[in-house]
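# Structural overview for review
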Amino acid sequence: MSAKIPLADLAAQHAAVRDAVMPAVEAVIQRQQFIMGPEVGELERAIATLSHVRHAIGCASGTDALLLPLKTLGLKPDDEVITPAFTFPGTALAVHNAGGRPVFVDVERSTMNLDPALLEAAIGPKTRAIIPVHLYGQMAAMEDILAIAARRGIPVLEDAAQAIGARRNMAGTWRMAGETGWAATLSFFPTKNLGAWGDGGMILTQNDEVAERVRRLRVHGGLRKYHYEEVGTNSRLDTLQAAVLLAKLPFLAGWSATRRDRATWYTARFSGHAEIVPPAVDPRNEHIFHQYCIRVPRRDALMEHLVGRGIGCAVYYPLALHLQPCFSHLGYRAGSFPESEAATREILAIPVYPELTRDQQERIAETILGFFS
């Protein structure tokens, strides 16, 4: 039997960057400064430069990178925050945990990002924020979302957890994921394009006041030791994780370019097939392909077919947020968001990591095409 092809291959990545990462980790171990060591600030400055923002603030996870900015809004139980119905549940869970109420909007069929055409109707007198998600590494239509939000004075919090380094041409200028919103979130979960050796996240913002509040909230609510201006939490980015990320950061642009190459090859291979729909790329976007997701009929049967032949794949995501049991109290029903529900039935992620060889891609493509032949 042929060797297995995993959906993500962190071991292959580590083999390629070991000589850069291990000395960085060893330096932290030797120094024994594991909490808020100098690597944290260095990483924050580097990510701020990459993302074209004034402030980047490290925290414990991508979920906390959503939660902490939302906390600065002082949400009350009837305050509403709009977010797509099709995304990772952490986006809406952060709204709930910040004290607000998620309000869902359907997604575009092409990009599976929040549909700006449906946004205006979801805004009401209690809307306090909008969270577009740059799903799979492709930015949402920020120029449209920002224009709608600006007319109402509503802050836009970009969920760029899957989109570090992605960019979009807005009015003739390339703008980075996280650059144009009131604030933004990044995730450094190990399988992200820039992944740590555990959890980690970062908040991006151009707003000095938001940055100061978030820096305070991540260290229990006070910037001076044992002096607390407000009730915060413990959400620091570990120095070891910052060191790993700093060592990997110089590889990120190359990795993203290689992911685009792998994606382009797949799309050409599947082009014209009646039953396989490759991911659409908005021509205004430079996609980083955190995931390469095809849409197919008989998705679950194809998944079983691939797994049985040693090819990794996954469904991101199998249940739209409005149908998650934890959000049943919001009163949504099946059929409320048809595009989101269709995506959950049809979407399938296949390997797209930079270490994937062309021979492996050919085997994956042939196996998928063979299933439909």
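Okay, so let's go over this structure. (Residues numbered from 1 in each chain as written. Predicted model: local features only at pLDDT ≥ 70, side-chain atom pairs only at ≥ 80, totals over all residues. Heavy atoms only, no water.)

## What to know about the overall build of the protein chain
This is how it is decided: Helix and strand assignments come from DSSP, with helices taken as H or I runs of at least 4 residues and strands as E runs of at least 2, each series counted from the N terminus. We take the radius of gyration over the C-alpha atoms and set the globule estimate at 2.2 Å times the residue count to the 0.38 power. Each residue is assigned to one of three classes by its accessible area relative to the maximum for its type, calculated with a 1.4 Å probe on protein chains only: buried under 20%, partly exposed between the two thresholds, exposed over 50%. Between two residues, a contact is recorded if the distance between any of their heavy atoms is within 4.5 Å. A 1.4 Å probe and the Shrake-Rupley method give the accessible areas. Residues count as covered only by the protein chains that appear here.
Within the protein chain, the secondary structure is distributed over twelve helices and twelve strands. In terms of overall size, the protein chain behaves like a compact globule, its C-alpha atoms giving a radius of gyration of 21 Å where 373 residues would be expected to give roughly 21 Å. The principal-axis extents of the C-alpha atoms in the protein chain amount to approximately 65 × 55 × 40 Å. Counting every position in the protein chain, which comprises 373 residues, the buried fraction comes to 56%. The long-range share in the protein chain, meaning contacts at least 24 apart out of those at least 6 apart in sequence, stands at 73%. Of the roughly 15,400 Å² of accessible surface on the protein chain, a fraction of 54% belongs to carbon and sulfur atoms.

## As for empty space enclosed by the protein
Just so we agree on the cut-off: With a 1 Å grid spanning the protein atoms alone, the term cavity applies to any set of points in which a 1.4 Å probe fits but cannot get out, the term pocket to an open set with protein on both sides within 12 Å along at least five of seven lines, and the term lining residue to any residue with an atom within 4 Å of a point. Grid points are joined across faces, edges and corners, and a volume is the space filled by probe spheres set on the points. Ten residues, namely Ala, Val, Leu, Ile, Met, Phe, Trp, Tyr, Cys and Pro, are considered nonpolar, four, namely Asp, Glu, Lys and Arg, are considered charged, and the remaining ones, Gly among them, are considered polar.
Scanning the entire structure with this criterion turns up one cavity of 30 Å³ or more. Of the voids in this model, the largest cavity is the one considered here, and its volume is about 70 Å³. Along the walls of the largest cavity sit Ser110, Thr111, Met112, Tyr136, Gln138, Pro279, Ala280, His287, Gln291 and Cys293, which together make up its complete lining. When the residues that make up the lining of the largest cavity are grouped by side-chain class, the tally is five nonpolar, five polar and no charged.

## Observations concerning the pattern of salt bridges
Defined as follows: Salt bridges are defined as contacts in which a side-chain nitrogen from Lys or Arg sits within 4 Å of a carboxyl oxygen from Asp or Glu.
Overall, the coordinates contain 25 salt bridges when judged by the stated rule. The shortest N-O distance in the salt bridge between arginine 216 and glutamate 212 comes to 3.8 Å. Of the two residues, arginine 216 and glutamate 212 both sit in helix α7 (residues 208-217), four residues apart, roughly one turn of that helix. The exposure class of arginine 216 is buried, given its relative accessible area of 14%. Exposure remark for glutamate 212: the relative accessible area of 44% places this residue in the partly exposed category. Across the pair glutamate 362 and arginine 269 runs a salt bridge, and its minimum N-O distance is 2.5 Å. Here glutamate 362 is found in helix α12 (residues 358-372), whereas its partner arginine 269 is found in helix α9 (residues 252-270), with 93 residues between them in sequence. You can call arginine 269 partly exposed: its relative accessible area is 27%. One salt-bridge network, in which partners are shared between bridges, spans Arg109, Arg295, Glu339 and Glu346.

## Regarding helix α3 (residues 62-71)
A large share of α3 lies buried, amounting to eight of its ten residues. Of the positions making up α3, those classed as buried are Gly62, Asp64, Ala65, Leu66, Leu67, Leu68, Pro69 and Leu70.

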